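# An overview of the molecular structure
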Amino acid sequence: MKHLFYFLSFITSLHFVNAQVKYETIESSKLGESREIKIQLPRGYDASEDKGFPLFIVLDGDYMFEAVAGNVDYYSYWEDMPGAIVVGVNQIDKRFDDCMYSEQNSLPIETGAAFFEFIGMELIPYIEKTYKVGKFKVAVGHGETANFINYYLLKPDPVFSAYVSISPELAPNMIDYLPEALGKIQAKTFYYLANTKNDTSSLKKGTEALNTDILAVNNEKLTFTFDSFENASHYSVPTYAIPRAIESIFKVYQPISRKEYKDVILELEISPVLYLQEKYQTINDVLGIDKKVLINDFKAISAAIEKNETYEYFEELGKMARKAYPETLLGTYYIARFYEETGEPKKAMRTYQAGYTLKEIAGITKDIMLEKADLIKEDFGY
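Residues numbered from 1 in each chain as written. Predicted model: local features only at pLDDT ≥ 70, side-chain atom pairs only at ≥ 80, totals over all residues. Heavy atoms only, no water.

## As for the overall build of the protein chain
- Along the backbone of the protein chain there are 15 helices and 8 strands.
- When its C-alpha atoms are laid out on the principal axes, the protein chain stretches across 85 × 45 × 40 Å.
- The 382 residues of the protein chain split such that 51% are buried.
- A sequence separation of at least 24 residues applies to 72% of the contacts in the protein chain between residues at least 6 apart. (Helix = DSSP H or I, 4+ residues; strand = E, 2+ residues; numbered from the N terminus. Buried < 20%, exposed > 50% of the residue type's maximum accessible area, 1.4 Å probe, protein only. Contact = heavy atoms within 4.5 Å.)

Structure below.
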């Protein structure tokens, strides 16, 4: 655990050489004042490209922005999540006012209601107008602001698709409001909740009760994760929770892992190619990103087909690979394997030979293609 903490501390202290960080001031009619924000754009961000990025709105941006931005930059660098726009809202000396709620019904009032409208009606529209924002939006809060982000879930059509609530100081009625709201959501929603064993007893009691109630919610649209960290303090827990939240929220985006290959793909009763198609369709549907199928994922599915000797699936895998990488040997190789293992050696030989003009990829070389064609020719006397 100590090594993990040092690792996370390193991540969150990264100097953003390649990511673009901006500091801006927004005049707000809702707040009746200006508010400072920090903006990190993804590496290689190009305003001329027709591409939208997920948006993180980070409350307590005066100290939470760097922790979130560092992890987003790190995970997107390794392609475990898409590049994303991170916006931190400065709340120095304003936190209490921004998070004000009614003692009667626990809902935002006065300055809290104004801040709620500022985020939804001014800040997000401004970012969407100024930068390339996609449909997937994430709200991040800690302590009082972790309670505040839940108010957006109580609206009929929530603006956020994912919520990262770290050691929330829950309003009295929130434990009743939130599970009910999560039970009614119609769109895919991710909710990440975390605390630390070193939080105050009242805070721990509240988050544990909320965890129990959300676990009882029966809604296939909800993906819920709860973590309780052993050694973190209330102030260091974001450095533990943020990477875990990113991994949970963007799990579908990540390359197929060894564990997923072993525990899921090898045990499938359906076509592993269909599994791969559904994975990338989910990325498109949920995140709004048309992601190209990774070579790693093609190799994982191919290995599963070989392992389970379900060679009939090579044909559909080959068609997918030809569409994704049309100038390479990948799709041709898989289709040749299909012919070879399903009793059509002559077609297999010709398909291997036809790949000679294509580019090598993923360890599949022209020499391998010709060798396989020659072996078939020897075996069958063609």
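## What about the confidence of the model for the protein chain?
- Averaged over every residue, the pLDDT of the protein chain is 94; residues scoring 70 or more account for 95%.
- Note that pLDDT drops below 50 for residues 1-17; the model gives that stretch 23 contacts with residues more than four away or on any other chain. (pLDDT = per-residue confidence, 0-100.)

## Re the sheet that holds strand β5 (residues 133-142)
- One open sheet holds the 8 strands; their spatial order is β1-β2-β4-β3-β5-β6-β7-β8, and the pairing between them is mixed. Because the sheet does not close on itself, it has two edges, and the strands there are β1 (20-28) and β8 (222-229). Each strand axis lies, on average, 15° off the axis of its neighbour in the sheet, ignoring direction.
- When strand β2 (residues 33-41) meets strand β4 (residues 85-89), the two strands line up antiparallel, connected through 4 bridges. (Pairing = 2+ DSSP bridges. Axes fitted to C-alpha atoms, helices over the stretch in contact; angles between N-to-C directions.)

## What about the environment of Tyr240?
- Turning to its location among the elements, Tyr240 is positioned in helix α8 (residues 237-249).
- For Tyr240, a relative accessible area of 6% corresponds to the buried category.
- In this structure the C-alpha to C-alpha distance between Tyr240 and Glu269, which are 29 residues apart in sequence, comes to 37 Å.

## Some remarks on unusual backbone geometry
- For Glu79, which is not glycine, the phi torsion reads 60° and is therefore positive.
- Mapped onto the secondary structure, Glu79 falls in the loop between α2 (61-77) and β4.
- The exposure class assigned to Glu79 is partly exposed, which follows from its relative accessible area of 45%.

## A short note on the environment of Ala321
- Along the chain, Ala321 turns up in helix α12 (residues 314-324).
- Residue classification places Ala321 among the buried residues on the basis of a relative accessible area of 0%.
- Each C-alpha atom of the pair Ala321 and Tyr333 lies 9.4 Å from the other, and the pair is 12 residues apart in sequence.
- Discounting chain neighbours no more than four positions away, the residues touching Ala321 are Phe298, Pro326, Leu330, Gly331 and Tyr334.

## As for the pattern of salt bridges
- Tallied over the entire structure, the rule returns 17 salt bridges.
- One salt bridge connects Asp263 with Lys259, and the closest N-O pair in it is separated by 2.8 Å. Here Asp263 pairs with Lys259, and both are found in helix α9 (residues 258-263), just 4 residues apart, close to one helical turn.
- Residue Asp263 is classed as partly exposed on the basis of its relative accessible area of 42%.
- Residue classification places Lys259 among the exposed positions, given a relative accessible area of 60%.
- Of the charged contacts in the structure, one is a salt bridge between Arg337 and Glu306, with a shortest N-O distance of 3.0 Å. Of this pair, Arg337 sits in helix α13 (residues 330-341) while Glu306 sits in helix α11 (residues 295-308), placing them 31 residues apart in sequence.
- Given a relative accessible area of 6%, Arg337 falls into the buried group.
- The network of salt bridges with common partners includes Glu33, Arg35, Lys94 and Asp98. (Salt bridge = Lys/Arg side-chain N within 4 Å of Asp/Glu carboxyl O.)

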